[in-house]
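Okay, here's what each chain looks like letter by letter:
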Amino acid sequence: MAEVVRTEREGEIAVVTIDAPPVNAINQAVRAGLQQAFAALRADPTVKAVVLVCAGKTFVAGADIKEFDTGIGAPGYHEVYRLIEDSPVPVIAAVHGTALGGGTELALACHYRVADKGARFGLPELSLGIIPGAGGTQRLPRLMPLEAALDMMISGKPTVAAKAAEQGLVDRVIDSELRSGAIAYARELLAQGKGPRRTREQAVQGADKAAELLAAKRAQVAKTMRNRVSPPALLDAVEAAVKLPFDDGLKVEQAKSDELPLTTESKALRHLFFAERDVSRIPGLGKEVKPRNVAAVGIVGAGTMGGGISMCFANAGIPVTIVDAAQANLDRGLATIRKNYQRSVTRGSMSEAQLEQRMALISGSLDYAALSTADLIIEAVFENMALKKEIFAKLDKVAKPGAILGTNTSTLDIDEIAAVTGRASDVLGLHFFSPANVMQLLEIVQCAKTSPDVLVTALDVAKKIKKTGVVAKVCYGFIGNRMMDPYGREAERCVLEGATPAEVDGALEKWGMAMGILAVYDMAGIDIGHLTREARKELLPKDPSFYRPTALLTEKGWLGQKTGRGYYTYPEGKRTPDAESIAMFAAEAKRLAIPQRKPDATEIVERCLYGMINEGALLLEEGIALRASDIDVVYTAGYGFPRYRGGPMFYADSVGLAKIVARIEEFAKTLDPQYWQPAPLLKKLAAAGSSFAEYQKQQTK
Ligand code: CAA
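Residues numbered from 1 in each chain as written. Predicted model: local features only at pLDDT ≥ 70, side-chain atom pairs only at ≥ 80, totals over all residues. Heavy atoms only, no water.

(A) Structural detail: helix 12 (residues 264-278). For helix 12, which comprises 15 residues, the first-to-last C-alpha distance of 20 Å matches the rise-based estimate of 21 Å (1.5 Å per residue) to within 8%. Taken together, the buried positions of helix 12 are Glu-265, Ser-266, Ala-268, Leu-269, Arg-270, Leu-272 and Ala-275. Summarising the contacts, the buried residues of helix 12 are in contact with helix 2 (67-70), helix 10 (230-243), helix 26 (628-638) and helix 27 (648-655). (Helix = DSSP H or I, 4+ residues; strand = E, 2+ residues; numbered from the N terminus. Expected span 1.5 Å × (residues − 1). Buried < 20%, exposed > 50% of the residue type's maximum accessible area, 1.4 Å probe, protein only. Contact = heavy atoms within 4.5 Å.)

See below:
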């Protein structure tokens, strides 16, 4: 194996290079390499300064996350970073790419920091349910003002080099080649007679206002990072930095960072880190399957979805042609896109010039012939099979050979749509979520005949437009909406059993969902789900209570926020319980003779989530979802499922599958048994004392 840490000499300067592809993550080998290098340099009196750089695309992007599962092998971070900080000659970190986590902490342990102008510094540990554990909580507030340090650690967002320099984290931003710039900087330091400048010897900046600031941050995280354990732990460690000598503060940090990787929160977040990277690995598809080039995109339909999807491509610099049947639709669609961009300009996240650049990439046409040069065409008209078939027949005629034809349907049978073309192998589903330019998730639906390179192209396109693409097979609702079906069903049934909409939503939100499902229906439009169900009425359960509240609201014309009332009313735009709709649900429950169980918060959450999880198990068995972890990514990226709970299947594992099966079997007795039959896979895993994670491991062996 190539050496992961090497030392070269440039006269009196030693250059230590970390070379551990792909992102120089620090593991035992890197720590041991650094220890060896710095111990040797210490013993060499001819070395006057040390420059620490990284090979490849980035400075150290953090601790190797895999090591949290196996335990940190010796030498530990503190030992190595202390050795570097103790160096008798100045040590200069030269940072490019993204210094993250343990990488930023490594730079903090050096005496000086220079950065490439494109470099960024971040401490994203909270996003993994841990805290900076290599001295970051103690050293950062000694280099930059306490408030800025707290913001950096709480937000987890990387800071660009120029800003880091303003804040005191970076001593010099280097415009030219970094390595030689860093060496030149080291020589300047030596010429000025500057020696080591140890971070631990500096005072915390803004310690006098710390009590107030920490109290404010505690209140902030209690509200915005509800149910989480790592944010308060971070604040405890920073408080220790303020109140205690460096070494004692470090001990507080250490104790917390020893415990946190063992929490479910951290395991869940680490699970998602790898799950999000696994989604693009398709079993059986090797690197030899290359994506097709997508340089121009066509969109059919200038409505909300078509417009949002067009923005995704324009944002990635890819030209888009939108075709619609009516000029008025095109005009309205293009105006909406401009309005959306204008909002970003007003907010300051985009310049006028960028707006014009993006608009210049989007053109409209009434003629399908305008799509003849597109490499990828996405149909985004409303859910109507006959219409979609008509469009695909037309696209088949105009699209160039090799063009990929995608449909944005969320429910329809895409194999049936593909069959009207003479190129079913080029057809697939591309299910964007509304608003398409904002939502992270893209479900990529592989049809029976979709060719492997078309699938790989879709995954590649997802990356280019910065979406998380997850592959699903064809079935009603694919992964996301199919699992929403039992979730919403139970929420609505609970309403008929006497829980108010605010109680149902409150229980789900308290548990961690970004928004209660009934509030979501109000936001999306109550009629949307109702109309989809009406269209496949004959396939639905023979149960008069099935999604009855939504049907009632639709019949009343109370369609949610767009009509000012639905599950709630909206005086002055504020979501408020609606006595009238609650009375209507109660009357309907009476008519249907539904027992008034008045389910409590625990039961509401269990029914909604266990119904969803059971459906997830069926999806795995049917092969609709490739992996349990893909389902978790769908839910956390697209449905407001709390990341710190890891997604529905990870959550199921954390509860214990046997407990879930037992509850489902109980519900079969106390509730409607037609909905409460444990999926065979769930039952089998529970009986074996196994888990979805274990099942996935076996599957991919
Ligand atoms: N540990 C282990 N593997 C890592 C890693 C890490 N910290 N960071 C990235 N990788 C792996 C990825 O899993 C991926 O592997 P595969 O190719 O096998 O899928 C590979 O490196 C490349 O990563 P990306 O696909 O994400 O590449 P990118 O160019 O899109 O992004 C990145 C690069 C910005 C560094 C991104 O990978 C990232 O954000 N990484 C996470 C960094 C992080 O969270 N660090 C903090 C770690 S915790 C810590 O450091 C605690 C402490 O206090 C000691």
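After that view of the structure, there is still more to cover.
(B) Seen up close, the sheet that holds strand 8 (residues 159-160). Taken in spatial order, the three strands make up an open sheet running 5-7-8, and their pairing is mixed. Each of the sheet's edge strands pairs with one partner strand only, and the pair in question is strand 5 (98-100) and strand 8. Bridge analysis of strand 7 (residues 120-122) against strand 8 gives two bridges, and the strand direction is antiparallel. The residue of strand 8 that forms the bridge with Phe-121 is Thr-159. Packed onto the sheet, helix 4 (residues 102-109) meets strand 5 and strand 7 and runs at close to 90 degrees relative to strand 5. (Pairing = 2+ DSSP bridges. Axes fitted to C-alpha atoms, helices over the stretch in contact; angles between N-to-C directions.)

(C) Summary view of the pairing of strand 17 (residues 468-473). Taking burial as the measure, the six residues of strand 17 include five buried ones, the bulk of the element. The pairing of strand 16 (residues 441-446) with strand 17 spans six bridges and is classified as parallel. Looking across to strand 17, one finds that Glu-443 is bridged to Val-470. For the segment spanning strand 16, helix 18 (residues 452-464) and strand 17, crossover handedness is right-handed. (Right-handed = clockwise from strand over helix to strand, strands pointing away.)

(D) A look at the pattern of salt bridges. Under the criterion given, the structure shown has 53 salt bridges. Arg-423 is the partner of Asp-396 in a salt bridge, and the nearest nitrogen-oxygen pair spans 2.8 Å. You can see Asp-396 sitting in helix 16 (residues 385-398) and its partner Arg-423 sitting in the loop between helix 17 (414-418) and strand 15 (427-432), a full 27 residues away along the chain. Across the salt bridge formed by Arg-548 and Glu-588, the nearest N and O atoms sit 2.6 Å from each other. One end of the pair, Arg-548, is in helix 23 (residues 548-556); the other, Glu-588, is in helix 24 (residues 579-591), with 40 residues separating them in the sequence. By relative accessible area, which is 7% here, Glu-588 ends up buried. In this structure, a network of salt bridges that share partners links the residues Arg-489, Glu-490, Arg-493, Glu-497, Arg-597, Glu-603 and Arg-607. (Salt bridge = Lys/Arg side-chain N within 4 Å of Asp/Glu carboxyl O.)

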